[in-house]
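# Tertiary structure, described
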Amino acid sequence: MLSQLPKQILPRPFLKWAGGKSKLISQYIPYFPKNYKNYYEPFLGGGAVFFYLQYIQPTPAILTDINAELITTYRCVQENVEELIIILKEHQRQHNRDYYYHIRANPTQNDLEQAARFIYLNKTCFNGLYRVNSQGKFNVPLGKYDNPKICQEHLLRLASTTLTTSKINQADFADVLKCATSKDDFVFFDPPYHPISNTSYFTAYSRNCFSEKDQERLRDTCAELANRGVKVMVCNSNSEFIKKIYTEIGFNIHRIEAARSINSNTKKRGIIYELLITSY
């Protein structure tokens, strides 16, 4: 079981990520395919599923995301982790409220500094949210943490080692169609969730919201992959719209118990259900 693996050797996300899958993996385990040679994750985010599967069944991986800063950060962890740690230690030393808002207001073009800024803001902002305004500027307020873990050296080095053989690129999710072609391939999609109500879509994944048309384009991508024999797994909200569009293409729908933790009203936090959808 996942909970029995020693934490000191288990690769796991080095970022906090809204909607991250770390707490759900134990429920996903029965549905992961047993036999595949190549792994693809087109909505990388925190990468919890990637890190778990690389520990259990190491395979070549192609990791992509539309978020350019996220991809820069992963590449720096992969290729320059020691230099990154040095900059993060300085962020940790200087961290306070004024410093947070200074760093938030001043992006940098240097990849290493950009990656360190991304991790610093991620570890200190409210609930690890990634949200930008219409100008593409990160605008999440400072979180309320007494001692945020800004520079987790062991975790970053372990992530770097795990990422060694992976290809990491900025790309639209549909680009996976260019490389996943057979039963040897497994694609895991963790897209922005479809809202279950008109008020539940609290943040945008990037500058543009992930619309119903995007969800349908993702469904069509999954259908094409499945037609090639590719093993496809998708997670999404427990909405009638999502059930409908994946039932139409013959995918299997599984209900997963999840905890809602990101809500300013603590009374609205608690157990909800999500969907895990598979082609096999």
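As shown above, the structure is provided for reference.
Quick caveat: nothing in here was measured; it's all calculated off a predicted structure.

For the rest of this paragraph, the subject is the packing of aromatic side chains. Taken as a whole and assessed by the stated rule, the structure comprises 21 aromatic pairs. Seen in terms of ring centroids, W17 and Y130 are 6.4 Å apart; in terms of plane orientation they differ by 15 degrees. Their pairing is stacked. On the criterion of sequence distance, the pair formed by W17 in the segment before α1 (25-28) and Y130 in the loop between α6 (111-124) and α7 (153-162) is long-range, its members being 113 residues apart. Pairing Y130 with F138 gives two aromatic rings, centres 5.9 Å apart and planes at 45 degrees, and the pair type is tilted. Across the pair, F138 and Y130 agree in class, each one buried.

Turning our attention to the packing of helix α8 (residues 212-227) against helix α9 (residues 240-247). At a minimum axis separation of 10 Å, α8 and α9 run at an interaxial angle of 30 degrees. Here α9 runs roughly parallel to α8, going by the angle between their axes. The two elements α8 and α9 meet at a crossing, and its hand is right-handed. Along the contact surface, α8 presents E212, Q215, E216, L218, R219 and C222, while α9 presents F241, I242, I245 and Y246.

Attention now goes to the environment of Q27. Mapped onto the secondary structure, Q27 falls in helix α1. Here Q27 falls in the partly exposed class, since its relative accessible area comes to 26%. When the C-alpha positions of Q27 and A258 are compared, they lie 9.5 Å apart, and in sequence the two are 231 residues distant. Beyond its immediate stretch of four places on either side in the chain, Q27 contacts I256 and E257. Only 2.6 Å separates the side chain of Q27 from the backbone oxygen of E257, close enough to count as a polar contact.

When a protein is soluble and globular, its nonpolar side chains tend to lie buried together. Counting residues in hydrophobic clusters, the biggest one holds 59 residues, and the most contacted among them are F14, Y28, F32, Y39 and Y74. Among the elements that make up this core, the one with the highest residue count is α6 (7 residues). When neighbours within four sequence positions are excluded, Y39 is seen to be in contact with V49, F50, L53, T59, P60, A61, I62, L63, F186 and F188.

We now examine the pairing of strand β1 (residues 38-41). Two strands pair when backbone bridges link them, and β1 and strand β4 (residues 185-189) are joined in this way by 3 bridges, in the parallel orientation. Its bridge partner being in β4, Y40 is matched across the sheet by V187. Here β1 pairs with strand β2 (residues 61-65) via 3 bridges, running parallel. Its bridge partner being in β2, Y39 is matched across the sheet by A61. Between β1 and its parallel partner β2, the chain crosses via helix α2 (residues 48-56), and the hand of that crossover is right-handed.

What counts and how
- Residues numbered from 1 in each chain as written.
- Predicted model: local features only at pLDDT ≥ 70, side-chain atom pairs only at ≥ 80, totals over all residues.
- Heavy atoms only, no water.
- Phe/Tyr/Trp six-rings, centres within 6.5 Å; stacked < 30°, edge-to-face > 60°.
- Helix = DSSP H or I, 4+ residues; strand = E, 2+ residues; numbered from the N terminus.
- Buried < 20%, exposed > 50% of the residue type's maximum accessible area, 1.4 Å probe, protein only.
- Axes fitted to C-alpha atoms, helices over the stretch in contact; angles between N-to-C directions.
- Parallel < 35°, antiparallel > 145°, perpendicular 65-115°, else oblique.
- Left-handed = near helix turned anticlockwise from the far one by under 90°.
- Contact = heavy atoms within 4.5 Å.
- Polar contact = N/O pair within 3.5 Å; in protein donor to acceptor, adjacent residues only side chain to side chain.
- Core = buried A, V, L, I, M, F, W, Y, C linked by side-chain atoms within 4.5 Å.
- Pairing = 2+ DSSP bridges.
- Right-handed = clockwise from strand over helix to strand, strands pointing away.

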